[in-house]
Amino acid sequence: MTKQEYILELNSPQWQERRLEILERDNHKCKFCGSTQSIQVHHLEYENGLSAWEYSDEKLITLCGTCHKKQHGKPLNIKKEKAVQVYQELLKPRIVTGK
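**Observations concerning the overall build of the protein**
Secondary structure assignment for the protein yields four helices and two strands. In the protein, the succession of α and β elements from N to C terminus is α-α-β-β-α-α. Considering the protein as a whole, with its 99 residues, one finds that 29% of them fall into the buried category. Counted over contacts in the protein with a minimum sequence separation of 6, partners at least 24 positions apart contribute 64%. On the protein, roughly 7,100 Å² of surface is accessible, and the fraction owed to carbon and sulfur atoms is 52%.

If you want it as structure tokens, here you go:
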């Protein structure tokens, strides 16, 4: 997929709905620093053949713009224990509430 095709996917109604689900799950806060400013949904990894909105909850995380930029540029400057805690929280089973 080209960068332009990916940008089109991120502007689709399907992604916007999926993005909102993840933001709500994460209480509209960065899972690394707790910021509520410039929050974005980050794909932890990419898989060929999946559209942006087809990823499971465990592969999507809310980050602020600063942490998101750091995640793409280099490893986040956080303690390993914090990273482990964040990912363990993401892997916990969720209670589905008939939405």
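**A word on the pattern of salt bridges**
Within the structure shown, the criterion is met by five salt bridges. One salt bridge in this structure joins R18 and E21, with 2.9 Å as the shortest N-O distance. Of this pair, R18 and E21 both sit in helix 2 (residues 13–25), separated by three residues, roughly a single helical turn. For E21, a relative accessible area of 38% gives the class partly exposed. Among the salt bridges present, the one from E47 reaches K59, with a minimum N-O distance of 2.4 Å. Here E47, found in the loop between strand 1 (39–43) and strand 2 (60–64), pairs with K59, found in the loop between strand 1 and strand 2; they are twelve residues apart in sequence, far enough to count as distant. With relative accessibility at 22%, the residue K59 sits in the partly exposed group.

**Concerning the confidence of the model for the protein**
Averaged over every residue, the pLDDT of the protein is 81; the share at 70 or more is 73%. Confidence, read as mean pLDDT per element, is least for helix 4 (residues 80–91) in the protein (58) and greatest for helix 2 (96). Counting contacts from residues 95–99, a segment whose pLDDT is below 50, to residues more than four positions away or on other chains yields one contact.

About the criteria used
Residues numbered from 1 in each chain as written. Predicted model: local features only at pLDDT ≥ 70, side-chain atom pairs only at ≥ 80, totals over all residues. Heavy atoms only, no water. Helix = DSSP H or I, 4+ residues; strand = E, 2+ residues; numbered from the N terminus. Buried < 20%, exposed > 50% of the residue type's maximum accessible area, 1.4 Å probe, protein only. Contact = heavy atoms within 4.5 Å. Areas by Shrake-Rupley, 256 points an atom, 1.4 Å probe, with all protein chains shown as cover. Salt bridge = Lys/Arg side-chain N within 4 Å of Asp/Glu carboxyl O. pLDDT = per-residue confidence, 0-100.

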